[in-house]
Amino acid sequence: MSLTSLFNRDEFIARHIGPHAADQAAMLADIGATSLDDLVGQTIPADIRFNQALNLPDALPEHEALAKLKSIASKNIIKKSFIGLGYYPNLTPGVILRNVLENPGWYTAYTPYQAEIAQGRLEALLNYQQMVIDFTGLELANASLLDEATAAAEAMAMARRVSKAKTDVFFVDAQVLPQTLDVVRTRAKYFGFEVVVGAADQAGEGDYFGALFQYPGADGVVSDLSVPIAALKAKGGVTIVAADLLSLAVLKSPAELGADVAVGNTQRFGVPMGYGGPHAAYFAFKDEMKRSAPGRIIGVSIDAKGKTALRMALQTREQHIRREKANSNICTSQVLLANMAGMYAVYHGPAGVKRIAQRVHRLAALFAAGVVRNGGKIVHNAFFDTVQVELSNAAAVYQAAQDAGYNLRQVSDTVLGVAFHEAASQDDLATLLKLFVGKDVDLAAIDAAASDAIPAELVRTSAYLTHPVFNSYHTEHEMLRYLKRLENRDLALNHSMISLGSCTMKLNATSEMIPVTWPEFGNIHPFAPAEQTQGYQILVDTLADQLKAITGFAAICMQPNSGAQGEYAGLLAISRYHESRGDAHRDICLIPKSAHGTNPATAQMMNMKVVVVECDESGNVDVADLKAKAEQHKDNLAALMLTYPSTHGVFEAAVKEICAMVHQFGGQVYMDGANLNAQVGLTRPADIGADVSHMNLHKTFCIPHGGGGPGMGPIGLAAHLAPFMSNHAVAPITVGDASVAVGQGAVSAAQFGSASILPISWMYITMMGAAGMKNATEIALLNANYVAKKLGAHYPVLYSGANGRVAHECIIDIRPLKAASGITEVDIAKRLMDYGFHAPTMSFPVAGTLMIEPTESEAKPELDRFIAAMISIRNEIAKVEAGEWTLEDNPLKNAPHSKGDIAGEWNRAYSRDTAFFPLPYVLDNKFWPSVNRIDDVYGDRNLICSCPSMDNYS
């Protein structure tokens, strides 16, 4: 062998892709294809094939890719951030960093739809909800939203749904964070709301369906909002307070001020700034609003044996069920970061969190006192952490602070803002005071004389974090064991494959994850000066170039921080394009019946009218119906929302014809990128005819699901749509030759969304290279067709393409089995837990089915274990059909069998071995569900969304 070949520079490709060459050959033989090229030719229509190499560099080995990214990261300059505006340095407890953020048992799990094997994560989220409920004083909280600005926009939309006021005017406090106002204005325009901005005390003077206040204000001021809140509520308006969560440890809660809703960011609770995200936004509300609230709510129920068990409550509110009638299009949250924030509260407890808040406030109060004592002037006398100082030499002080390693906020030519935080020290206080007053100060003397700066009437006296969970794990040993106990109750990718159709649960490689916790990425404020963020600029630009090569689009907008946000940003660009051409009346959105529930929900958020397009018997878009409806609505046609390959797991042969037809009648084609993993290197959305498409970086490009978030959903845009992508009010974006219009509204709080997880996708593409990316797609098709072939003899495969091939996923039909035996897709999903597997996607896009996506990262032995489990379950169903087991007493109806079932009496029609160890491999890798099947109806009828007594868990 040559020396060059011994370096094996493509090694990572084989680390990412599951089946090795011999297994690939065996699988191809099983499905009747002569080669991967032959399989691709049978699967993807020839007229959309991309028959070139992707314009990407060759693959880099892991250590070289990490070194290259480290070089890029080093161009970020870390200074001590005192900018504030909703983002603060903090101290992530090491036990949480190592055992949650860096632990694949936490970050590779899926959204907890299968609650019996997600009890650990659900308990952590319930802790998070309890923390939010305690600090805000409100009755309920959801399990997180995407960011504070999005949460505020969602609160505005909810306010309109529940308000009794007869107006479409919404009031925004002038103290609201500028990035939040930016997103609220964008959202309001397409809802048809008018936004009025004014001083908080003006909120009660007009007629508004709701109002948004900031507490403390953007410039740091702490003021009593109870009077304007009461005045607005007296007129039927809904009051929303965006509150700094840490401040609520020492300030009166929003509920005590009279608020109906509270929103904000939990970033201060141990989550790095990360140039803007990801961070978990909180959303708390009154009990009466629970069926109108957006996002997921974790609730307490019972299992089949009456034991306390947790699950996602009130599912009928969600977009995947209600579609265009949904409360929101949000399809994910920020679970991993919510769990970090909740665990921060668990670890520190009420006394610890209060001490941190008091320390932050004391630093700010002493800084203000030192400035005033030395002849300076502060803007506000009441504040929590942020002090604004009027200066005749503001520019010189700002520059001196920069030179000393401090970032301050430039409020105006004569005002500087200084925002204190958990990581600030007494030395920082002394240095900053010297910069502002021009001499050393006696901190001890100031500390002895200065009073706090919170008005007495706003000092918090009510208790919080009283539940035992916040008062039990304050040593690292106890915290470590608590985190491990919860992890053990969750099935994640570090245990077995998660074959969820449309969700692409592939390998999240360690080398992809390592850079996320580098300080060069984590410790950067999103509004830091541009000269300090050159590393991030290079990262964003190079990742954008990679995504352009993969998709064929002219421009990439990196702002949306979820797939649902990407959908919204894409339709927003389309609407702005139509408006620019005098076609603002174009408001019809065609959506196939098979579409994701987010699609129609997003369309209604853009105030578009949804027209449903039928599908034919093969699951494809009914082209005749599409043409008829496109022609019928040609004067008002705005867009078609199309998932490709289809949600039914098929490459539709007529896709180019479909796109051309929409263009013919004046519409634009939005392509949902949920299934992009089946396209990379083989075809490209822009070449097919799409005008805009979002890319789920947590699916195709390896950002982990994190138990239900984080995610990123950048969009690719054709050249004519590029100028209409989202900009940002605080940190304006310029994207090369496709400059974005100044003042064009944002969709997310930070200019590049959740920027600190972009290194994951950059690393994946860089380590795979052009050949590896294409090969990954080929193997995704191979694995899916292998599973479909093997299971096809036992379960009907519902849809396939012209040559009998599926794309990267397949749907098996359980309805005939249900008719013959009474066993449902739910029973199969629960029984799979006993075999050590998470269920495939259940009853989507067709009720009574299971949609399976094995991904390219699963090796043949793991696929064979899954196939064996499904065949074994089919044999169990046959025993019910034959009457050997009754419908009431069989291992499917009683599944899952929890670890508690193994002891005590056993009087079932089948053995314990059948229940717990149905196949030999299970014995070697047993996953024990911690509860039996959960009673969803009981949980919704007896809604409890806060932590129950610890006795309930014993």
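The structure under discussion appears in the preceding block.
Definitions and limits used
- For every chain, the first residue of its written sequence is number 1, and the numbers climb from 1 along that sequence.
- Local features in this predicted model are restricted to residues whose pLDDT is 70 or higher, and side-chain atom pairs enter the listing and the counts only when it is 80 or higher, whereas totals over whole chains, interfaces and linings include all residues.
- Here the side-chain values reflect all heavy atoms present in the structure, with hydrogen atoms and water set aside.
- We count a stretch as a helix when DSSP gives it H or I for four or more residues in a row; a strand needs E for two or more, and each element gets its number in order from the N terminus.
- For a compact globule the rule gives 2.2 Å times the number of residues to the power 0.38, and the radius of gyration it is set against comes from C-alpha atoms.
- Only protein chains enter the calculation, and the probe is 1.4 Å; a residue is then buried if its accessible area is under 20% of its type maximum, exposed if over 50%, and partly exposed in between.
- Contacts are assigned to residue pairs with any non-hydrogen atoms lying within 4.5 Å of each other.
- This count recognises Lys and Arg as positive and Asp and Glu as negative, with His and chain-terminal groups excluded.
- Each charge is placed at NZ for Lys, CZ for Arg, CG for Asp and CD for Glu.
- In short, DSSP must find at least two bridges between two strands for them to pair.
- One side-chain nitrogen of Lys or Arg within 4 Å of one carboxyl oxygen of Asp or Glu is enough to make a salt bridge.
- In protein, a polar contact means a hydrogen-donor-capable atom and an acceptor-capable atom, both N or O and within 3.5 Å, with residues adjacent in sequence counting only if both atoms are side-chain atoms; elsewhere, any N or O pair within 3.5 Å suffices.
- Take the buried Ala, Val, Leu, Ile, Met, Phe, Trp, Tyr and Cys residues and link them wherever side-chain atoms come within 4.5 Å; each set so joined is a nonpolar core.
- Only the stretch in contact is used when fitting a helix axis, every axis being a line fitted to C-alpha atoms; angles between N-to-C directions are given from 0 to 180 degrees.
- Think of it like this: strands point away, you trace from the first strand over the helix to the second, and a clockwise trace means the crossover is right-handed.
- The patches reported here contain residues having more than 30% relative accessible area and no salt bridge. Joining distances are 9 Å for like charges and 5 Å for nonpolar side chains (Val, Leu, Ile, Met, Phe, Trp, Tyr).
- Residue-level accessible areas treat just the shown protein chains as cover; the underlying method is Shrake-Rupley with a 1.4 Å probe.

**Q** Break down the overall build of the chain for me, with residues and values.
**A** When you go through the chain residue by residue, the secondary structure sums to 33 helices and 25 strands. By the compact-globule yardstick of 30 Å for 954 residues, the chain fits well, its C-alpha radius of gyration being 28 Å. In terms of its C-alpha atoms, the chain occupies a principal-axis envelope of roughly 85 × 70 × 70 Å. A total of 954 residues make up the chain; the buried ones form 65% of that total. Partitioning the contacts of the chain with sequence separation of at least 6, the portion at a separation of at least 24 is 77%. The centroid of the 78 positive side-chain charges in the chain is displaced by 2 Å from the centroid of its 97 negative side-chain charges.

**Q** Can you tell me about helix α29 (residues 825-834), naming the residues and giving the values?
**A** An α-helix turns once per 3.6 residues; consequently, residues spaced three or four apart project the same way. Within α29, nine of the ten residues are buried, which leaves the element mostly enclosed by the surrounding structure. Every buried residue belonging to α29 is among E825, D827, I828, A829, K830, R831, L832, M833 and D834, and all of these are buried. The inward-facing, buried residues of α29 abut β24 (841-842), β25 (849-852), α30 (860-881), α31 (912-916) and α32 (920-924). Backbone geometry just downstream of α29 places G836 in the positive-phi region, at approximately 90°.

**Q** For the sheet that holds strand β15 (residues 415-419), give the residues involved together with the corresponding values.
**A** Within the open sheet, the four strands sit side by side as β11-β12-β15-β14. Their pairing is antiparallel. The open sheet has two free edges, formed respectively by β11 (377-378) and β14 (409-410), since each of these has just one partner strand. Bridge count between strand β12 (residues 386-390) and β15: five bridges; the pairing is antiparallel. Among the inter-strand pairings, V387 is bridged to a residue of β15, identified as V418.

**Q** An account of the side chain of R805 is requested, with residue identities and associated values reported.
**A** Mapped onto the secondary structure, R805 falls in the loop between α27 (758-792) and β23 (810-813). Here R805 sits buried without a salt bridge, and the closest side chain of opposite charge, D38, lies 5.9 Å off (N-O distance). A polar side-chain atom of R805 sits 2.8 Å from a polar atom in the side chain of Q42. Discounting residues that sit within four places of it in the chain, R805 has contacts with I31, G32, A33, L39, Q42, T43, N785 and S800.

**Q** With reference to specific residues and values, describe the nonpolar core.
**A** What tends to happen in soluble globular proteins is that the nonpolar side chains get buried as a cluster. The biggest cluster of nonpolar side chains holds 243 residues, and the ones touching the most others in it are M131, F367, F420, F436 and F701. Broken down by element, the residue count for this core peaks at 21 residues, all from helix α14 (residues 335-373). With residues up to four places along the chain from it excluded, the contact list for F367 reads V387, V389, V418, F420, L429, L432, L433 and F436. Core analysis: the second largest hydrophobic core is formed by 46 residues, V172, F209, F527 and A731 among them.

**Q** Give a detailed account of the sheet that holds strand β21 (residues 692-694), specifying residues and quantitative values.
**A** Judged by pairing direction, the sheet is mixed, and its seven strands sit side by side in the order β16-β22-β21-β20-β19-β17-β18 without closing on themselves. Here the strands that pair on one side only, and so sit at the sheet edges, are β16 (555-557) and β18 (609-613). Ignoring strand direction, the axes of neighbouring strands in this sheet form an average angle of 25°. Bridge analysis of β21 against strand β22 (residues 715-717) gives three bridges, and the strand direction is antiparallel. Across the sheet, residue S693 finds its bridge partner in β22, namely G716. Sheet strands in contact with helix α22 (residues 563-580) are β19 (637-643), β20 (668-672), β21 and β22, and its direction is about 175° off that of β20.

**Q** Could you give an account of the pattern of salt bridges, with specific residues and numbers?
**A** A full pass over the atoms with the stated rule returns 41 salt bridges. Residues K593 and E614 are paired through a salt bridge, measuring 2.9 Å at the closest nitrogen-oxygen approach. Taken as a pair, K593 in the loop between β17 (588-592) and α23 (598-605) and E614 in the loop between β18 and α24 (623-632) lie far apart in primary sequence, 21 residues in all. The exposure class assigned to K593 is partly exposed, which follows from its relative accessible area of 46%. For the salt bridge of E881 with R874, the shortest nitrogen-to-oxygen distance reads 3.0 Å. Note on R874: relative accessible area 17%, which makes it buried. Connected through shared salt-bridge partners, K233, D260 and K286 make up one network.

**Q** Tell me about the environment of G745, and please be specific about residues and values.
**A** The residue G745 is located in the loop between β22 and α27 in this model. Among residues more than four places away in sequence, those in contact with G745 are D182, T186, R576, S726 and N727.

**Q** Could you give me a rundown of unusual backbone geometry, with the residues and numbers involved?
**A** Cis rather than trans, the peptide bond between Y644 and P645 has omega equal to -10°. Take P645: it is sitting in the loop between β19 and α25 (655-664). Residue P710 is bonded to the preceding G709 through a cis peptide linkage, with omega at 25°. In this fold, P710 is placed in the loop between β21 and β22. Of note, the phi angle at S144 is positive, near 110°, even though the residue is not glycine. With respect to the secondary-structure elements, S144 resides in the loop between β2 (140-141) and α9 (148-162). The buried category is assigned to S144, whose relative accessible area is 1%. In this model, S843 sits at a positive phi of 60°, which is unusual for a non-glycine residue.

**Q** Go over the pairing of strand β6 (residues 238-243) with me, naming the residues and quoting the values.
**A** Judged by how many residues are buried, β6 sits mostly within the fold: six of six residues are covered. Here β6 shows two buried faces, one formed by V238, I240 and A242 and the other by T239, V241 and A243. Remark: the strand β5 (residues 210-215)/helix α11 (residues 226-234)/β6 crossover connection has right-handed handedness. Relative to strand β7 (residues 261-265), β6 runs parallel, the two being bridged by three bridges. Bridging across to β7, A242 finds its partner in V263.

**Q** So what about the side chain of D23? Which residues, and what values?
**A** Looking at the secondary structure, you find D23 in helix α3 (residues 21-31). No salt bridge is formed by the buried D23; its nearest oppositely charged neighbour, K860, is found at 5.0 Å. Every residue in contact with D23, bar those within four places of it in the chain, is listed here: K860 and P861.

**Q** I'd like a description of a nonpolar patch on the surface, backed by residues and values.
**A** On the surface, a cluster of nonpolar side chains totalling about 560 Å² of accessible area is made up of M1, L3, L6 and F7. Position of L3 among the secondary structure elements: in helix α1 (residues 3-6).

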